[in-house]
Amino acid sequence: KSPSGSRRQRRGGARREAESAALSASACRAGLLAPESSLSSMSLGEFFEMLKAGSMDFVGQKRAFDLQNRVIWAAGIVGFIYGFIQQKFLYTFYFIFGATIFACVVCLPSWPLWNRNPIEWLEPKDEESEEQQPAEEKKKPSGKKKKQ
């Protein structure tokens, strides 16, 4: 090998490591990986990028759904009582509309609050090993001996 070939390999390896680090950093910002640092050390651009990525775990989805329902129902009940006292149904609508807007702002974006239990997915199996397993099973004897 020539010395220039080994330099190319080193540059390619460094480039792959840099790309891998950038990919893991973007996955971390997207909420796909557990963050290495706290939210307070995140820049504003990284924070908006994380919100735009939209990752939310299953527990966070359930909590957001429950919060949305509770807020809207509570506002509807309070609004109905207030509207009944004031003799204006429009006040009930205002309460429900305000609660819906509040729930949309709190529950729809993927705030870090909704991604506290990220899922660790299993690594995919290699296609080669899946193709070899049935072939190996056919070669194995059944273990039963024929009676003569």
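Residues numbered from 1 in each chain as written. Predicted model: local features only at pLDDT ≥ 70, side-chain atom pairs only at ≥ 80, totals over all residues. Heavy atoms only, no water.

Undergrad: How do you make sense of the packing of aromatic side chains when you look at a structure like this?
TA: Aromatic ring pairs are reported here in terms of the distance separating the ring centres and the angle at which the planes meet. The tally for this structure, following the rule as stated, stands at six aromatic pairs. Note on Phe 80 and Phe 84: the rings are 6.3 Å apart at their centroids and 25° apart in plane angle, and the pair reads as stacked. Of this pair, Phe 80 and Phe 84 both sit in helix H3 (residues 58-86), four residues apart, which is roughly one turn of that helix. Since its relative accessible area comes to 56%, Phe 84 is described here as exposed. Look at Tyr 82 and Tyr 91: their rings are 5.3 Å apart centre to centre, the planes differ by 50°, and that puts the pair in the tilted class. Taken together, the ring pairs in this structure connect Tyr 82, Tyr 91, Phe 93, Tyr 94, Phe 95 and Phe 97 into an aromatic cluster. (Phe/Tyr/Trp six-rings, centres within 6.5 Å; stacked < 30°, edge-to-face > 60°. Helix = DSSP H or I, 4+ residues; strand = E, 2+ residues; numbered from the N terminus. Buried < 20%, exposed > 50% of the residue type's maximum accessible area, 1.4 Å probe, protein only.)

Undergrad: Is there a simple way to think about the environment of Met 56 in this case?
TA: Tracing the sequence through the fold places Met 56 in the loop between helix H2 (44-53) and H3. According to the relative accessible area criterion, Met 56 is partly exposed, its value standing at 23%. The spacing of Met 56 and Trp 111 is 55 residues in sequence and 8.1 Å in space, taken between C-alpha atoms. With residues near it in sequence (within four places) discarded, Met 56 still touches Gln 61, Cys 107, Leu 108, Pro 109, Ser 110, Trp 114 and Asn 115. (Contact = heavy atoms within 4.5 Å.)

Undergrad: Before we go on, may I ask you to explain the side chain of Ser 55 in this structure?
TA: Position of Ser 55 relative to the elements: it lies in the loop between H2 and H3. A polar atom in the side chain of Ser 55 sits 3.4 Å from the side chain of Asn 115. (Polar contact = N/O pair within 3.5 Å; in protein donor to acceptor, adjacent residues only side chain to side chain.)

Undergrad: Just to check I follow, could you spell out the side chain of Ser 110 for this structure?
TA: Inspection of the secondary structure puts Ser 110 in the loop between helix H4 (89-107) and helix H5 (127-139). The class of Ser 110 is buried, set by a relative accessible area of 5%.

Undergrad: Hey, could you run me through H2 in this one?
TA: Because each turn of an α-helix spans 3.6 residues, side chains separated by three or four positions in sequence point in the same direction. Within H2, the full set of buried residues consists of Phe 47, Met 50 and Leu 51. The buried residues of H2 all sit within an arc of 100° when viewed along its axis, so they share a single face. Residue Gly 54 follows H2 closely and has a positive phi angle near 75°. (Arc of directions from axis to C-beta.)

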